[in-house]
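Observations on chain architecture
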Amino acid sequence: MASPDGVADEKSAPAKGEEDFETLKYQLLGPSLLKAGQDAVDQQKVSEIIYNASKGSKFFDHEQERDRNLTVKIERILKEKARLEKLDLSHDLRRADEYLAELELSRDLSQYIVHVDCDAFFAAVEELDRPELKTVPMAVGGGVLSTCNYLARKFGVRSGMAGFVAKKLCPELVLLPQNYEKYTAKAKETRAIMAQYDPLFESASIDEAYLNITAFCAENQLDPEEAVQRMRAEILENTKVSVSAGIAANAKIAKIASNKNKPNGQFRVPNDRTAIMEFMRDLPVRKVNGVGRVFERELDSIGIKTCGDIYPQRALLARLFGEKAFQFLAQCYLGLGRTKIEPVENHERKSVSTETTFHEIGDKEELRKKLRWAAEELEQDLARTQFKGRTVCLKVKLHTFEVLTRQTAPPRAVSQAKDLYAFALPMLIKLEKEIPGMKLRLLGLRVSNLVSTKKVGVNFFGVAAPPKPTPVQPSDQSEALDVNTEHDIGAEEAFENAARQEVQDEMNDLEQLSQEAAGLSVTPAPGSTAADVTEHQPVQWECPICGRPQAPDDRAFNDHVDFCLSKQTIREVVQDSSQEMSAILPSRKRKTSAQQSHTDVDPRQKRLFFS
DNA sequence: GCGGATCAC
DNA sequence: TATGGTGATCCGC
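Residues numbered from 1 in each chain as written. Chains lettered and ligands numbered in written order. Predicted model: local features only at pLDDT ≥ 70, side-chain atom pairs only at ≥ 80, totals over all residues. Heavy atoms only, no water.

The name an unreviewed UniProt entry gives chain A is DNA polymerase kappa, with Penicillium canariense as the organism. In its Sequence similarities (unreviewed entry) section, the UniProt record describing chain A reads: "Belongs to the DNA polymerase type-Y family." (UniProt positions renumbered as here; feature names shortened; annotations may be inferred.)

Dropping the structure here:
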């Protein structure tokens, strides 16, 4: 890039033309720089190798772009900081101190929380099957490594790293494909043991879990450290995989602590305020769950490297990073975290998605094939998880690695591949129009605003028991659905039973109506409950858009019609690209005989729809 | 509510 | 030869 102003410019701005690659190199090092097993590694050298392996690729260009954007963002932050510091911040300071005081009051030191983390889990499981792998650097994963053993880490190899980069760092690296079933089976073994220490333990991922061992320690007259020693020994004995653990008063610190003595070790931060504050004071913010590479750099720019550094900056944080970030950092400074550990089944799922990366594709027909495939994948995932979604989101990654998403809200919850496809295709077409010559390397589909399709169980009295999670938006649902979150209390039983019946009616209603989502489909899903839908009162009104009948005492009906009307736009988009869409999106009012007969088609043949 | 961005694993 | 997939959350608009 030539300097337009010649020599003078170069003198006054020596940094020009010689970009600072330090931050970029750091970014390229990847997210797991702080993981265990890296101590003896020459990071400088590793950084060079990664940099050179990546240079010139589209991936590299994209990372460089992101790095530049972040640098600009940080400049803005610094400018804003300088501006704020000229103002009177006593109000912000007082507000921050009030919040810290409030948090302090909520501090709970009564629980013993444990974070258990399997050491190099996938690699460890593979080594069980093939012990000879223990003596060689080895990693699991394809294009990107899932994990690697500690021998590989000595070379600077890390999880999340591209396979070919890892090979540059360590040419003798043994690369194994993932075998997820195998790891799941092994994880099940470890969980069986953890359940003895806390039956309500929380699986954080396939190889991580949180436990509350307060009760176990009390019942067995055991010190938390002894209890965890025992559990780890038991896990190693029975499953032959080693785990590390952190013990603390809350999940946040336990998680950090579990990394302290990895592998095959444990670390405890006592349930003592002073000990906790000291532990946090010198702790790099990056070690806290939730602080990634970007936030780390932003915080570093204003002089925050450790959690102790947060306090002096407390008056500025909300203004610079937002209220949530301030609250998060305040909790980091104080060493506070959640003490509630609960089974993951209690957590309400918010989305179901699928995506795949492939070689660059620009051909429209090929892209549609990919979209069909994604739709079929998602249909299966939705069937497995028993959900439909009221929002469909298309995700694409351009050949430049830029990611775009577009979402739309069908008038009905959808789950079938052809519906997902029908609503996603217009978005894809729109993108193709916006980006001439669009080439993709990834395509994905997600549904959110989920509606459960779990069968509603009916008990002896003919009263429905609602399905566990109730992922519905109160905004466009009848209020009756709210009772799902309440508990069974004797005195109000009759009322609640009636309310539950309403819930079931609504659920079945949704179930039935979503069969004809957007008027696209009249095919009941395999195993549909359409046949056992509760009988309704005679229908008086129908939604003009989707035909949803007004249920008795349906207070949400008007809202629903508004909702449906507002989503009418999707049809306009669809009709906009009518040529392609007409084949798959006939008007609901004119159901073709082909569609009706579709009802009788073997569900397995449904796949033929796309092939 | 939408789209981009960040984060964890 | 050529940098992942799934799910969640937050922010700015």
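We are not done yet, so read on.
Our focus in this paragraph is the protein's contact with DNA strand C. By nearness alone, 19 residues border DNA strand C, and Ser 54, Arg 349, Ser 353, Glu 355 and Thr 357 come closest of all. Restricting attention to atoms of DNA strand C within 4 Å of the protein, one finds that 74% of them are sugar or phosphate atoms. At 2.3 Å from a base oxygen of DNA strand C is found a side-chain nitrogen or oxygen belonging to Ser 54. Separating a phosphate oxygen of DNA strand C from a side-chain N or O atom of Arg 441 is a distance of 3.0 Å. In terms of residue class, the surface near DNA strand C is built from six nonpolar, seven polar and six charged. (Near = heavy atom within 4 Å. Polar contact = N/O pair within 3.5 Å; in protein donor to acceptor, adjacent residues only side chain to side chain. Nonpolar A, V, L, I, M, F, W, Y, C, P; charged D, E, K, R; others polar.)

Counting residues in each nonpolar core, the largest one holds 45 residues, and the members touching the most others are Leu 299, Cys 307, Ile 310, Leu 317 and Phe 321. Breaking this core down by element, the ones donating at least two residues are helix 4 (58-85), helix 5 (90-105), helix 12 (251-258), helix 13 (273-281), helix 14 (293-301), helix 15 (314-321) and helix 16 (323-334). Ranked by residue count, the leading element in this core is helix 16, at seven residues. No fewer than three residues from each of domain 1 (90-105 + 272-334) and domain 2 (113-136 + 172-268) sit in this core. Every residue in contact with Leu 317, bar those within four places of it in the chain, is listed here: Ile 302, Ile 304, Ile 310, Gly 322, Phe 326 and Leu 329. (Core = buried A, V, L, I, M, F, W, Y, C linked by side-chain atoms within 4.5 Å. Buried < 20%, exposed > 50% of the residue type's maximum accessible area, 1.4 Å probe, protein only. Helix = DSSP H or I, 4+ residues; strand = E, 2+ residues; numbered from the N terminus. Domains from an automatic or database assignment. Contact = heavy atoms within 4.5 Å.)

Right, let's talk about the pairing of strand 3 (residues 145-148) for a bit. Relative to strand 3, strand 2 (residues 138-141) is paired through three bridges, and the arrangement is antiparallel. Across the sheet, Gly 141 pairs through a bridge with Leu 145, a residue of strand 3. (Pairing = 2+ DSSP bridges.)

Another aspect to go through is the sheet that holds strand 3. Read across the sheet, three strands follow the order 3-2-4 without closing on themselves; strand pairing throughout is mixed. Looking at the sheet topology across the chains shown, the edges are occupied by strand 3 and strand 4 (174-176). For this sheet the average axis-to-axis angle between neighbouring strands, irrespective of direction, equals 25 degrees. Contacts from helix 6 (residues 121-129) reach strand 2, strand 3 and strand 4 within the one sheet, and its direction differs from that of strand 2 by about 110 degrees. (Axes fitted to C-alpha atoms, helices over the stretch in contact; angles between N-to-C directions.)

Moving on to the side chain of Lys 262. Following the sequence through the fold, Lys 262 ends up in the loop between helix 12 and strand 8 (266-268). At 3.4 Å, the side chain of Lys 262 forms a polar contact with the backbone oxygen of Cys 118. Within polar-contact distance, the side chain of Lys 262 engages the side chain of Asp 119 at 2.7 Å.

Quick look at the packing of helix 17 (residues 364-385) against helix 18 (residues 417-434) now. Relative to each other, helix 17 and helix 18 sit at 145 degrees, their axes nearing to 9 Å. Crossing hand, helix 17 versus helix 18: right-handed. Seen from helix 17, the contacting residues are Lys 364, Leu 367, Arg 368, Leu 371, Arg 372, Ala 375, Glu 376, Leu 378, Glu 379 and Leu 382; seen from helix 18, they are Ala 417, Leu 420, Tyr 421, Ala 424, Leu 425, Leu 428, Ile 429 and Glu 432. The residue inventory of the contact of helix 17 with helix 18, partitioned by class, reads twelve nonpolar, no polar and six charged. (Left-handed = near helix turned anticlockwise from the far one by under 90°.)

Evaluated as defined, the whole model comprises 33 salt bridges. Between Glu 98 and Arg 94 there is a salt bridge, with the nearest N and O atoms lying 3.9 Å from each other. You can see Glu 98 and its partner Arg 94 sitting in helix 5, four residues apart, about one turn around the helix. Each of Lys 58, Glu 360 and Lys 439 takes part in salt bridges that share partners, so that together they form one network. (Salt bridge = Lys/Arg side-chain N within 4 Å of Asp/Glu carboxyl O.)

Turning our eyes to something else, we now look at the protein's contact with DNA strand B. Taken together, 17 residues surround DNA strand B, and among them Ser 205, Lys 255, Phe 295, Thr 405 and Gln 407 come closest. Of all DNA strand B atoms lying within 4 Å of any protein atom, the proportion belonging to sugar or phosphate reaches 100%. Val 291 is positioned such that a nitrogen or oxygen atom in its backbone is 3.3 Å from a phosphate oxygen of DNA strand B. One of the backbone N or O atoms of Arg 293 is found 3.5 Å from a phosphate oxygen in DNA strand B. Those elements that place two or more of their residues in the surface near DNA strand B are helix 14 and strand 11 (403-408). By residue number, the principal contributor to the surface near DNA strand B is strand 11, which donates four residues.

Our next topic: the packing of aromatic side chains. Within the structure shown, the criterion is met by eleven aromatic pairs. Taking 6.0 Å as the distance between ring centres and 55 degrees as the angle between the ring planes, the aromatic pair formed by Phe 121 and Phe 122 counts as tilted. Like Phe 121, the residue Phe 122 is buried in the burial classification. Ring geometry for Phe 122 and Tyr 183: centres 4.1 Å apart, planes at 15 degrees, overall stacked. Of this pair, Phe 122 sits in helix 6 while Tyr 183 is found in helix 9 (residues 180-197), placing the two residues 61 residues apart along the sequence. (Phe/Tyr/Trp six-rings, centres within 6.5 Å; stacked < 30°, edge-to-face > 60°.)

Another aspect to go through is the UniProt feature "coiled-coil region" (unreviewed entry) in chain A. Per the UniProt annotation, the sites labelled "coiled-coil region" (unreviewed entry) are residues 361-388 and 493-523. For the annotated span residues 361-388, helix accounts for 79% and strand for 11% of the residues, and the straight-line distance between the end C-alpha atoms is 29 Å.

Following Lys 262, the chain continues into Pro 263 via a peptide bond in cis, with omega recorded as -5 degrees. Of note, Pro 263 is situated in the loop between helix 12 and strand 8. We note that Ala 120 has phi near 40 degrees; this positive angle belongs to a residue other than glycine. Looking at the element boundaries, Ala 120 is found in the loop between strand 1 (113-118) and helix 6. For Gln 221, which is not a glycine, the phi torsion comes out positive at approximately 50 degrees.

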